[in-house]
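The residues making up each chain are set out below.
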Amino acid sequence: MNRTLRRRLGLFAATGVLVALATWQWQHDRARRPAQLLDLEPTAVRRIDIRFAGGTAHHCERRRDRWSCTGDSTAPPDEGWLDDLAALAATPVTDWHPASAFDPRKLGLAPPAIVVRLDDHRLEYGDEAATGPFRFVRVDGARIALVPLAATPRPARQAARVAGP
């Protein structure tokens with residue numbers, strides 16, 4: 001076996017080892033953290049409470065696959081908006097940290113800009129991250145998740161009033 005062939009075989013073996021180690025690390029990291037914000041299916045959410053800083057609170061419940069809300073509004077609830085809020089449970093998480101590792105004021109969590117309660121889970125939305133299009137979310141007071149900025153809850157659309165004759 002000549003020297004060139006031995007070098008190529010050695011390089012091929014080293015590359016195989018590196019690929020195997022990278023695959024193992026990826027699987028290990030993926031198994032250590034949940035892929036979504038809550039271990040809850042969006043279709044299983046039965047109660048949603050949401051409050052925006054400086055705004056009113058909304059309290060809604062799903063009964064027989066229809067949403068009903070309590071509050072000052074007499075307009076029917078925006079089913080699409082409530083389904084979007086329920087879908088927050090399945091928000092992909094980029095990274096997890098213990099809540100004790102951060103000062104909540106530095107993340108915009110004291111007080112949070114938005115508080116969403118999905119059944120018995122409390123989600124507190126803070127500031128945008130400086131590292132990219134992400135937002136800090138404190139989950140049940142114990143952990144901080146870094147989630148895509150696009151998964152930020154939006155306010156409900158106001159129903160347009162139609163003037164009658």
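To start, this report covers the structure provided alongside it. Predicted model only: the values in this text are computed from it and were never measured.

Regarding the sheet that holds strand β4 (residues 95–98)
Okay, step 1: Pairing is antiparallel in the open sheet, where 8 strands are placed in the order β3-β2-β1-β5-β6-β7-β8-β4. Both edges of this open sheet fall to β3 (66–70) and β4, since each of them pairs with a single strand only. The mean angle between the axes of side-by-side strands here comes to 25°, regardless of whether they run parallel or antiparallel.
Okay, step 2: Where helix α2 (residues 79–86) meets the sheet, its contacts fall on β1 (47–52), β2 (57–63), β3 and β5 (114–118), and the angle it forms with β3 comes to roughly 95°.

Overview of the pattern of salt bridges
Okay, step 1: According to the stated counting rule, one finds 7 salt bridges in the structure shown.
Okay, step 2: In this structure, E61 and R63 form a salt bridge, with 3.3 Å as the shortest nitrogen-oxygen distance.
Okay, step 3: A single salt-bridge network, built from bridges that share partners, covers R122, E124 and R138.

Focus: the nonpolar core
Okay, step 1: If you look at the biggest cluster of nonpolar residues, it comprises 26 residues, and the most contacted ones within it are L37, I48, V116, L118, L123, Y125 and V139.
Okay, step 2: Mapped onto this core, the elements with two or more residues apiece are β1, α2, β5, β6 (121–128), β7 (134–139) and β8 (143–148).
Okay, step 3: Looking at which element gives the most residues to this core, the answer is α2, with 4 residues.
Okay, step 4: Excluding residues that lie within four positions of it along the chain, L118 makes contacts with L38, L40, V45, R47, I48, L85, A86, L88, A89 and L123.
Okay, step 5: Grouped together as the second largest cluster of nonpolar side chains are 7 residues, A99, L107, F136 and I144 included.

Side note on the pairing of β7
Okay, step 1: Counting buried residues in β7 gives 5 out of 6 residues, a clear majority hidden from the surface.
Okay, step 2: Connecting β6 to the next strand, β7, in antiparallel fashion are 5 residues, including G132 with a positive phi near 155°.
Okay, step 3: Note: β7 against β8, 6 bridges, orientation antiparallel. Within β8, the residue paired with R138 across the bridge is I144.
Okay, step 4: Hairpin connection of β7 to β8: 3 residues between the antiparallel strands, including D140 at a positive phi of 55°.

Brief notes about the packing of aromatic side chains
Okay, step 1: Here the structure, examined in full by the defined rule, presents 1 aromatic pair.
Okay, step 2: Summarising the aromatic geometry, the rings of F102 and F136 are spaced 6.5 Å apart at their centres and angled 50° between planes, so their arrangement reads as tilted. Within this pair, whereas F102 is found in the loop between β4 and β5, its partner F136 is found in strand β7, the two being separated by 34 residues in sequence.
Okay, step 3: By relative accessible area, which is 15% here, F136 ends up buried.
Okay, step 4: Taking the ring centre of W96 as reference, the NZ or CZ of R143 above it sits at 3.7 Å.

Analysis parameters
Residues numbered from 1 in each chain as written. Predicted model: local features only at pLDDT ≥ 70, side-chain atom pairs only at ≥ 80, totals over all residues. Heavy atoms only, no water. Pairing = 2+ DSSP bridges. Helix = DSSP H or I, 4+ residues; strand = E, 2+ residues; numbered from the N terminus. Axes fitted to C-alpha atoms, helices over the stretch in contact; angles between N-to-C directions. Contact = heavy atoms within 4.5 Å. Salt bridge = Lys/Arg side-chain N within 4 Å of Asp/Glu carboxyl O. Core = buried A, V, L, I, M, F, W, Y, C linked by side-chain atoms within 4.5 Å. Buried < 20%, exposed > 50% of the residue type's maximum accessible area, 1.4 Å probe, protein only. Phe/Tyr/Trp six-rings, centres within 6.5 Å; stacked < 30°, edge-to-face > 60°. Lys NZ or Arg CZ within 6 Å of the ring centre and 35° of its normal.

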